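Each chain, letter by letter, is given below.
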Amino acid sequence: KEKGYFSQTGNYLPAFDIHMITNTFGAFTGYARILDMRKGIASVRWKDGNTEFLREAFVDIVSGLVVIRLTASSPVLDFQVRLEEHDIGDAVDLHGNSLKEGMPQYSFSTVGDLLEGRLNTFSDRHFVARMKVFSNGQVQLINCKNVGKLNDMQGTRVFAHNYFSVQNASEAVIVCSLQDSREGEEIAMPSHADYRTWEKDHAEKFASVFDSMRLDLGTGGEERCVEQQQIDCYNGDVTRAQIEQMALFGRYLLISSSRNCRYPANLQGIWNGAYRPAWGCTYFNNENIEMNYWQAMSGNLAETELPLFDFYLTMMDDYRENAKKLFGCRGILLPMFCDNSSGKKKNLQAHVVYWTASSSWIANMFFDYYLFTRDQTFLSEKAYPFMKEAALFYEDFMQRDGQGKLKSYPSNS
């Protein structure tokens, strides 16, 4: 600190928002939000006058495309939609400083029949989002230079730049992609809308994974809305039905955040939604990451742990540097927590600097995967090399005291 050293672990943050303005005719009725955990599809339904509306959304389990479908029982769909930066409003940090300062830079444009947004970070990394709209009504891609929103006296609300306008439709499908510059190839956008095929394919694949384990606590099909379950739980009435539902919800989250994904499930999950999340919403290499994966082996979701192991194996050089430079040891030393850009120890808190248990903690997860799967190739190519280097560190780090017992210095719990 005296030499001016400062480092902060990166924060997991949202890249873009999808902002939609839907013109309405009266007060809505019959509003309901539904999550089909088995198929991985969220939906909202409501009624406006005599017209029934439905909005469905899913993130395709294979391609990663975000797909949103709006339908109406009559051709009255009238809405505008666009990509925009995630609005942090008047948020401040612990010292009262605005979080808007130092935020990544956004830019938006139209490219052919697509809306495109770019998020440029302060490194060589950037993110690109693209949006396309299909509809049986009138679709216009508007590219204006003015920034902001308009709201006229008749209540007709529209964006003032770079948006899709849909009118007189009974169906519209919005497709969005998000590309990380590190991932190389661009995600292909579809040339035509085939929502039913996309939904069927996604739902079948998602359900086949979700159904790989069945949990039945003998609830007899009891159903209560989530809000009522929460109220009853606060009053001490925790039923088997709620326990079963929460376990299945955790299963849904693990599949969504760690199957066919580049990175493993992080601290509060991929739906965190804040620019300054608690503990950075990053990777804590102790009981926290272990808890994220409690359902993986017992729930027959072994494949969800593969991004976890690949994540650690890409940072072995950083771990070796930690072991050598901090304690003069061979092998690997994992930091207590890290983001996806570095595996080095970069925090000055004493309990973080002197934490040395992560290497063995994660090595245990490697070996558990082998014990469950009996995958000999995984054992020889991934688990054993990691475990061996973890062992080398402790072989050098642990010291014998006068009674011949192995001790760790320095140490903390």
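Right, let's walk through the structure included here. This structure is a prediction, so every number in the text was calculated from the model and none was measured.

So, how was this worked out
- All residue numbers refer to positions counted from 1 along the written sequence of the respective chain.
- Confidence filtering applies because this is a predicted model: local features only for residues at pLDDT of at least 70, side-chain atom pairs given and counted only at 80 or more, and all residues used for totals across whole chains, interfaces and linings.
- Side-chain numbers come from the whole structure's heavy atoms, not from hydrogens or water.
- When DSSP finds two or more bridges between two strands, those strands count as paired.
- Helix numbering and strand numbering both begin at the N terminus, where a helix is a DSSP run of H or I of at least 4 residues and a strand a DSSP run of E of at least 2.
- In this analysis, axes come from line fits to C-alpha atoms, helices being fitted only over the stretch in contact, and the angle between any two N-to-C directions falls in the range 0 to 180 degrees.
- Contacts are assigned to residue pairs with any non-hydrogen atoms lying within 4.5 Å of each other.
- Here, the term nonpolar core denotes a set of buried Ala, Val, Leu, Ile, Met, Phe, Trp, Tyr and Cys residues that are joined through side-chain atoms within 4.5 Å.
- Accessibility here uses a 1.4 Å probe with only protein chains present; expressed as a share of the type maximum, an area under 20% marks a residue as buried, one over 50% as exposed, and anything in between as partly exposed.
- The length a helix should cover is 1.5 Å for every residue beyond the first.
- Our arc is simply the arc of the directions from the helix axis toward the C-beta atoms.

Our focus in this paragraph is the sheet that holds strand β8 (residues 114–120). Pairing within the open sheet is antiparallel, and its eight strands lie in the order β2-β3-β4-β5-β14-β9-β8-β7. If you trace the sheet from one side to the other, it starts and ends with β2 (28–36) and β7 (105–111), each paired once. This sheet shows a mean twist of 15 degrees between the axes of neighbouring strands, independent of strand direction. Bridge analysis of strand β9 (residues 126–135) against strand β14 (residues 171–180) gives nine bridges, and the strand direction is antiparallel. The residue of β14 that forms the bridge with R130 is S177. On the sheet, helix α1 (residues 195–210) packs against β3 (41–48), β4 (51–59), β5 (66–72), β9 and β14 and is oriented at approximately 50 degrees with respect to β4.

Let us now look at the sheet that holds strand β13 (residues 163–169). Pairing is antiparallel in the open sheet, where four strands are placed in the order β1-β6-β13-β10. At either end of the open sheet lies a strand with only one pairing partner, and these are β1 (16–22) and β10 (138–142). Across the sheet, the mean angle from the axis of one strand to that of its neighbour is 15 degrees, orientation sign disregarded. Bridge analysis of β10 against β13 gives five bridges, and the strand direction is antiparallel. Among the inter-strand pairings, Q138 is bridged to a residue of β13, identified as Q167.

A few words now on the nonpolar core. Ranked by size, the top nonpolar core spans 39 residues in total, and within it I289, Y293, Y312, I362 and F386 carry the most contacts. When residues in this core are grouped by element, the largest group, six residues, is from helix α9 (residues 358–373). Leave out the neighbours within four places in its chain, and Y312 touches N285, I289, Y319, L334, I362 and F386. Core analysis: the second largest hydrophobic core is formed by 26 residues, F16, W46, M131 and I174 among them.

We now examine α9. With 16 residues, α9 extends 23 Å from end C-alpha to end C-alpha; this agrees with the ideal 22 Å at 1.5 Å per step. Listing the buried residues of α9 in full gives S358, S359, I362, A363, M365, F366, Y369 and Y370. The arc that holds every buried residue of α9, seen down its axis, measures 150 degrees, which confines them to one face. With its phi angle positive at about 55 degrees, R374 sits one or two positions after the end of α9.

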